[in-house]
Amino acid sequence: MKEIVKITIGLTLTCLIAAGIMGGVFIITAKAKKHNEYLNFKENMLALLGYNQTNPAPDSLQLCTVYRYLIYQGDKTSLGYMLPVKTKKTKDIRYQFIRVNIQGQFIDKFDLDIETAQTNDIKDRNKAIAAVLPKEVSQIVFADRFIAATNNDKRLAYLLPGKSPGFKTHINFMLALDSTYSIVGLQILEHQEDPGLGAEIEQEYFKNQFTAKTSERLKTLKVIKEPLPDDQLKFLERKKWAKDAYSEKDIETLQKKYQDKDICAITGATISSVAVVNGVKNVVTKFVYRVKVLEKIISKQNISVAF
Amino acid sequence: MIENNKSYSNIFLNGILNENPIFRLALSMCPAVGISTNVMNGLLMGIAVLFVQFCSSLTISLVKNFIHPRIRIPTYTLTIATWVTVTDLVLAAFFPVAYKSLGIFVRLIVVFCFITMRLDVFARKNPVFPSLVDAVGMGFGFMLGMMAIGGVRELMGMGTLLGYDILGFRPLLFFVLPCSGFFVVGFMMAIFNYTEIIYNRRKRARSVA
């Protein structure tokens, strides 16, 4: 009996010391890790817009993030959007918070006291928003965000981060939509699918199948269990081939030919394929609805948004 | 204090030659086969293992008098797991590129049997300094083994070394595939065993003469 107590105390102490060391290292490294994640996220965003190391993004490129919040006030729920706004005198970006009810009607707007550098941190954001909202509001919850990319005041694309329950855990992805809400590109950010099976969702031949699908087409988009035809496969993986294998005209005609096809499932990974397709459909449908409501409000209230 | 009569250089070389974890003990083959597709991966993995082995040996030889003999294996596992987590966090924070290519193998260091074996066989019974020498020797033995396998596979499979183009063509793509890891390890083990046989034969001949 005495021995058991001894062993228990010994193991507990060891565990506590181990936990202390690990916790300490975690605190030290957390900031750098977050920064890495942010860089990775930004790199993915630029890659979706077609920029990479050989073709760097121009300085005039601006990425503006719009944050969507849920606001609980008693038993009533309303929505809040945190919008980047251009100031008239200087060209700095300030943030405004607008409240919208469930029916999409504008309620009120507030100026936020927050710097652009701070907006990435959810705590700073929540603090700034809570400071301006009336006292009756009981809770604000960050729902999601989208990023509008502009170049010289011309809207290039909307970038939508999203996630979808995959075969094991969530698949995190990012979509790029053009101004008519058809898909420009898809990027898989993080997933835990099986290598060789579900992990194939990272491959060009799967991701590129989504290119140029319109938001109308997405509503009826299905996953079919058929192998990809060889010529389509070659077209989807065209980055692997020599640059002159496809002329720009070829790409245009072939893109038209394939863009309305359903998505071919990955062999042995139907669940992962369906998960990505459902996630994309879900994100796009909700986004298109929301952005239309938002745009109506912006033009009615005469808010000079930065995107 | 069983190995007190051995000098430090002997203890150090023991890990690299006589008891090389990959080629002589055939322990921890999973990473040896899994990620030794090029020299750089082998080197990074070797450094990670060296760090974990060093810290764990230090910890265990410092606290060896407080470890209850009945729970020594859980204590080793806990120690190794702690240092592996530390390595994992540090790599993820400060070396994201290396972390990406090593992937889950860093976390697998927890179950590398030769680290546990070293703690049980050596660090538990010896003072701090010899344990550290032993740990560094073992770590280097593993690192050199990984780099050797990685070098052969990279040269044969991709025609490059450390990313520099050496041959200009790809001799056998087969060497990049996972199964070839076993072949390379097998051949290297054979070379080690052959050298040992030759060495022992000469030694015997000398002692007879």
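Residues numbered from 1 in each chain as written. Chains lettered and ligands numbered in written order. Predicted model: local features only at pLDDT ≥ 70, side-chain atom pairs only at ≥ 80, totals over all residues.

Trainee: I'm lost on the overall build of chain B in this one. Help?
Mentor: Along the backbone of chain B there are nine helices and two strands. The linear arrangement of helices and strands in chain B, starting from the amino end, is α-α-α-α-α-α-α-α-β-β-α. Long-range pairs, those at least 24 residues apart, make up 75% of the contacts in chain B between residues at least 6 apart in sequence. (Helix = DSSP H or I, 4+ residues; strand = E, 2+ residues; numbered from the N terminus. Contact = placed C-beta atoms within 7 Å.)

Trainee: I'm lost on the overall build of chain A in this one. Help?
Mentor: Scanning chain A for helices and strands turns up seven helices and ten strands. Burial status across chain A gives 23% buried among its 307 residues. A fraction of 58% describes how many contacts in chain A between residues 6 or more apart in sequence connect residues 24 or more apart. (Buried ≥ 20, exposed ≤ 12 C-beta atoms within 10 Å, placed from the backbone.)

Trainee: Could you clarify how one ought to interpret the nonpolar core in this entry?
Mentor: The tendency in soluble globular proteins is for nonpolar side chains to be buried side by side. Residues and elements named next belong to chain A. Membership of the largest hydrophobic core comes to 50 residues, with the highest contact counts inside it found for Met 82, Phe 146, Leu 159, Leu 160, Leu 175, Leu 177 and Val 280. Counting residues per element, the ones that place at least two in this core are strand E1 (61-73), strand E2 (76-86), strand E3 (93-101), strand E5 (139-151), strand E6 (154-165), strand E7 (170-177), strand E8 (183-190) and helix H7 (270-301). For this core, the element with the most residues is H7, which contributes eight residues. Setting aside its immediate chain neighbours within four residues, Met 82 contacts Val 66, Tyr 67, Tyr 69, Tyr 95, Phe 97, Leu 112 and Ile 129. (Core = buried A, V, L, I, M, F, W, Y, C linked by C-beta atoms within 7 Å.)

Trainee: For this particular structure, what's the right way to read the interface of chain A and chain B?
Mentor: Note: interface size is frequently given as the accessible area lost on complex formation between the parts. In this complex, chain A contributes 15 residues to the contact, which on the side of chain B involves 15 residues. Looking at the side of chain A that touches chain B residue by residue, the classes come out as nine nonpolar, four polar and two charged. (Nonpolar A, V, L, I, M, F, W, Y, C, P; charged D, E, K, R; others polar.)

Trainee: Would you mind going over the environment of B:Val86 with me for this structure?
Mentor: For B:Val86, the location among the structural elements is in helix H4 (residues 72-94). Measuring from C-alpha to C-alpha, the distance between B:Val86 and B:Val52 comes to 9.0 Å, with 34 residues separating the pair along the chain. Not counting residues up to four positions away in its chain, the partners in contact with B:Val86 are A:Ile21, A:Met22 and A:Val25.

Trainee: Would you take a moment to explain the pairing of E3(A) for this structure?
Mentor: Successive residues of a regular strand alternate their side chains across the two faces of the sheet. Residue and element names in this part refer to chain A. Pairing of E2 with E3, which is carried by nine bridges, proceeds in the antiparallel orientation. Paired with Leu 79 across the two strands is Val 100, which belongs to E3. Of the strand pairs in this sheet, E3 and strand E4 (residues 106-112) are connected by six bridges, and their pairing is antiparallel. Bridged to Arg 99 within E4 is Asp 108. Hairpin geometry of E3 and E4 is characterised by an intervening segment of four residues between the two adjacent antiparallel strands and by a positive phi of about 90° at Gly 104. (Pairing = 2+ DSSP bridges.)

Trainee: Where do I start with the pairing of E7(A) in this structure?
Mentor: Residues and elements named next belong to chain A. Where burial is concerned, most of E7 is hidden: six out of the eight residues are buried. Pairing of E6 with E7 involves eight bridges; the strand directions are antiparallel. Its bridge partner being in E7, Lys 163 is matched across the sheet by Asn 172. The turn joining E6 and E7, which pair antiparallel and follow one another in sequence, is formed by four residues. Looking at chain direction, E7 and E8 are connected through six bridges and run antiparallel. The partner of Leu 175 across the bridge, within E8, is Leu 186. If you look at the hairpin formed by E7 and E8, you'll find five residues sitting between the two strands, and Tyr 181 has a positive phi there, around 65°.

Trainee: Is there a simple way to think about the confidence of the model for chain A in this case?
Mentor: Close inspection of predicted coordinates is inappropriate for parts of the model with low pLDDT. Here chain A shows a mean pLDDT of 85. Residues at 70 or above account for 99%. Looking across chain A, the model is least confident in helix H6 (residues 248-258) of chain A, with a mean pLDDT of 83, and most confident in E7(A), with 90. (pLDDT = per-residue confidence, 0-100.)

Trainee: Help me understand the sheet that holds E4(A) in this model?
Mentor: Strand pairing in a sheet relies on backbone hydrogen bonds. The paired strands run either parallel or antiparallel. Residue and element names in this part refer to chain A. Judged by pairing direction, the sheet is antiparallel, and its eight strands sit side by side in the order E4-E3-E2-E1-E5-E6-E7-E8 without closing on themselves. The open sheet has two edge strands, E4 and E8, and neither has a second partner. Recorded for the sheet is a direction-independent mean angle of 25° between the axes of neighbouring strands. Contacting E1, E5, E6, E7 and E8, helix H1 (residues 2-48) crosses the sheet at an angle of about 155° to E8. (Axes fitted to C-alpha atoms, helices over the stretch in contact; angles between N-to-C directions.)

Trainee: Whenever I open this one, the environment of A:Phe142 confuses me. Can you help?
Mentor: Residues and elements named next belong to chain A. Along the polypeptide, Phe 142 turns up in strand E5. Assessed through the 15 C-beta atoms surrounding it within 10 Å, Phe 142 is described here as partly exposed. Between the alpha carbons of Phe 142 and Asn 126 there is a distance of 8.2 Å; along the sequence they are 16 residues apart. Those residues within four positions of Phe 142 in sequence are excluded, and the remaining contacts are Tyr 67, Tyr 69 and Ile 122.

Trainee: Just to check I follow, could you spell out the packing of helix H1 (residues 8-16) of chain B against helix H8 (residues 128-158) of chain B for this structure?
Mentor: A packed helix pair is summarised by two numbers, namely the angle formed by the two axes and the spacing between the axes. Residue and element names in this part refer to chain B. Orientation of H1 relative to H8, taken along the N-to-C sense of each, is 30°, at an axis distance of 6 Å. Between H1 and H8, the crossing angle belongs to the class labelled roughly parallel. The handedness of the crossing between H1 and H8 is right-handed. Along the contact surface, H1 presents Tyr 8, Ile 11, Phe 12, Leu 13, Asn 14, Gly 15 and Ile 16, while H8 presents Pro 130, Val 133, Asp 134, Val 136, Gly 137, Met 138, Phe 140, Gly 141 and Leu 144. Looking at the contact of H1 with H8, its residues break down into eleven nonpolar, four polar and one charged. (Parallel < 35°, antiparallel > 145°, perpendicular 65-115°, else oblique. Left-handed = near helix turned anticlockwise from the far one by under 90°.)

Trainee: Which parts of the structure should I look at to understand the packing of helix H3 (residues 39-63) of chain B against helix H7 (residues 113-123) of chain B?
Mentor: All names here are of chain B. H7 packs onto H3 with a crossing angle of 35° between their chain directions and a minimal axis gap of 10 Å. At the point where H3 passes H7, the crossing takes the right-handed sense. Mapping the contact onto sequence places Val 52, Gln 53, Ser 56, Ser 57, Ile 60 and Ser 61 in H3 and Ile 115, Arg 118, Leu 119 and Ala 123 in H7. Residue classes in the contact of H3 with H7 are distributed as five nonpolar, four polar and one charged.

Trainee: Is there a simple way to explain the confidence of the model for chain B in this structure?
Mentor: For chain B, per-residue confidence averages 83 on the pLDDT scale, and residues scoring 70 or more make up 97% of the total. Across the whole predicted complex the pTM is 0.70, and at the interface the ipTM reaches 0.73.

Trainee: In this structure, what is going on with the environment of A:Leu186? I would like to understand it.
Mentor: Residues and elements named next belong to chain A. Take Leu 186: it is sitting in strand E8. Along the primary structure Leu 186 and Val 280 are separated by 94 residues, whereas in three dimensions their C-alpha atoms are 8.8 Å apart. For Leu 186, the contacting residues outside a window of four places in its chain are Phe 173, Leu 175, Lys 207, Phe 210 and Val 280.

Trainee: Even after reading the chapter, I still don't get unusual backbone geometry, so can you show me in this structure?
Mentor: The general pattern is negative phi for most residues beyond glycine and trans for most peptide bonds. In this structure, A:Ala212 is a non-glycine residue whose phi angle is positive, near 70°. Within the secondary structure, A:Ala212 sits in the loop between helix H3 (204-207) and helix H4 (215-219). A tally of 17 C-beta atoms within 10 Å means that A:Ala212 is categorised as partly exposed. Positioned with a positive phi, B:Ala26 is a non-glycine residue whose angle comes to about 50°. Owing to 14 C-beta atoms within 10 Å, B:Ala26 belongs among the partly exposed residues under this scheme.

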